[in-house]
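Coordinate inspection notes
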Amino acid sequence: GILLKNSTFNGMSSFTKTGTSNAQSDGGNVFNSATTISNTAASGRIRMATVSGDTYNADATFNSTGQDVQIAYSGDNTFAGNITINSNKVVFNTSTGKVTFNGTNNQTLNGSYNYPFKKMAINKSAGTVTANTTLSVDDSLIFIQGNLITTSTNLLTMKHGSTAIGASNSSFVSGPVKKVGNTAFEYPIGKESSYLPLTISAPATTSSEFVAEYIDEDTYVNSTTRDSTLGYILRDKYWTLQRTSGS
């Protein structure tokens, strides 16, 4: 199995689980170079950070052709580089753990599978985090410093009951955000260096889905048929809100 505890790895590291038993690492590990963790076994999971958080100071790749790879199970787990996953068996912080992006350069989320986060924080003194695939948050999305960049294809979904905390001019989502559920929600959106949130009241059902985005573009919208209650429309700066499910 893979059993790592309070260890520091300065060179490129690769760990592959082939046995059928569970492999649980306590955590407290520091990975200073590119790291790959893989599970090729037909049974038995990999669990990282069972007791305390791990630190990934370079790119990290998580693979599974077998069973679960549980990353950032507990503690505050920091990621300074890019992350790549290649399976829906890779899951993040399924217990009390948190994933914090803290790199000083631009970071990316790569692969063709959804990134399922429970608690996620952005605390970057420089650079952004760009989603090159979808991601979702089950519990909380915490903004401290730095922006998350999404698109309609690489969309952030805030699950039913989740919250977004701390968004400001220094930290928000630049791109669309989907919210699922029946609670009021303030979308943590903006563009460039401006936080420009949009708030909705509580939808009717727990399965209701609304996608919001702040738009700042050169293509002007048609404002000639605006509602009479609207005095003025900025034709190149506006919010969009679309119901994709529910009411």
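Below, the structure is looked at part by part. (Residues numbered from 1 in each chain as written. Predicted model: local features only at pLDDT ≥ 70, side-chain atom pairs only at ≥ 80, totals over all residues. Heavy atoms only, no water.)

**Considering the overall build of the chain**
Scanning the chain from N- to C-terminus turns up zero helices and 28 strands. Taking 247 residues into account, the globule formula puts the C-alpha radius of gyration at 18 Å, and the chain, at 20 Å, falls close to it. A total of 247 residues make up the chain; the buried ones form 45% of that total. The long-range share in the chain, meaning contacts at least 24 apart out of those at least 6 apart in sequence, stands at 39%. For the chain, the accessible surface area stands at approximately 11100 Å², while carbon and sulfur atoms represent 46% of it. (Helix = DSSP H or I, 4+ residues; strand = E, 2+ residues; numbered from the N terminus. Rg over C-alpha atoms; globule rule 2.2 N^0.38 Å. Buried < 20%, exposed > 50% of the residue type's maximum accessible area, 1.4 Å probe, protein only. Contact = heavy atoms within 4.5 Å. Areas by Shrake-Rupley, 256 points an atom, 1.4 Å probe, with all protein chains shown as cover.)

**Structural notes on the nonpolar core**
Formed by 46 residues in total, the largest nonpolar core has its most connected members in Phe62 and Phe92. Once residues within four sequence positions are removed from consideration, Phe92 is found in contact with Phe62, Ile71, Ile83, Ile85, Val99, Tyr115, Pro116, Phe117 and Lys118. (Core = buried A, V, L, I, M, F, W, Y, C linked by side-chain atoms within 4.5 Å.)

**With respect to the sheet that holds strand 3 (residues 23-24)**
One open sheet holds the four strands; their spatial order is 3-6-9-12, and the pairing between them is parallel. This sheet does not close on itself; its edge strands, each paired only once, are strand 3 and strand 12 (90-92). Examined bridge by bridge, strand 9 (residues 69-71) and strand 12 share three bridges and lie parallel to one another. Its bridge partner being in strand 12, Val69 is matched across the sheet by Val90. (Pairing = 2+ DSSP bridges.)

**A look at the side chain of Thr133**
Tracing the sequence through the fold places Thr133 in the loop between strand 16 (129-131) and strand 17 (135-145). Here Thr133 falls in the buried class, since its relative accessible area comes to 7%. A distance of 3.5 Å separates a polar side-chain atom of Thr133 from the backbone oxygen of Gly111. A distance of 3.2 Å separates a polar atom in the side chain of Thr133 from the backbone oxygen of Tyr113. Contacts of Thr133, omitting those with residues within four sequence positions, involve Leu109, Gly111, Ser112, Tyr113, Asn114, Tyr115, Asn154 and Leu155. (Polar contact = N/O pair within 3.5 Å; in protein donor to acceptor, adjacent residues only side chain to side chain.)

**Points about the packing of aromatic side chains**
Any aromatic ring pair is given by two values, namely how distant the centres are and how the planes are angled relative to each other. Throughout the structure, instances matching the rule amount to 15 aromatic pairs. Here the aromatic rings of Phe15 and Phe31 are separated by 6.3 Å at their centres, their planes lie at 75 degrees, and the arrangement is edge-to-face. Within this pair, whereas Phe15 is found in strand 2 (residues 13-17), its partner Phe31 is found in strand 4 (residues 30-31), the two being separated by 16 residues in sequence. This pair shows no difference in class: Phe15 is buried, exactly as Phe31 is. When the ring of Phe101 is compared with that of Phe117, the centres are 6.1 Å apart and the planes differ by 85 degrees; the resulting orientation is edge-to-face. (Phe/Tyr/Trp six-rings, centres within 6.5 Å; stacked < 30°, edge-to-face > 60°.)

**Description of the sheet that holds strand 11 (residues 83-85)**
Hydrogen bonds along the backbone pair up the strands of a sheet, which may run parallel or antiparallel. One open sheet accounts for eight strands, arranged 2-5-8-11-14-16-18-21; its pairing is parallel. Sheet topology places strand 2 and strand 21 (173-174) at the edges, where each strand pairs with a single neighbour. As paired strands, strand 2 and strand 5 (residues 35-39) are joined by five bridges and run parallel to one another. Across the sheet, the residue bridging to Thr16 is Ser38, located in strand 5.

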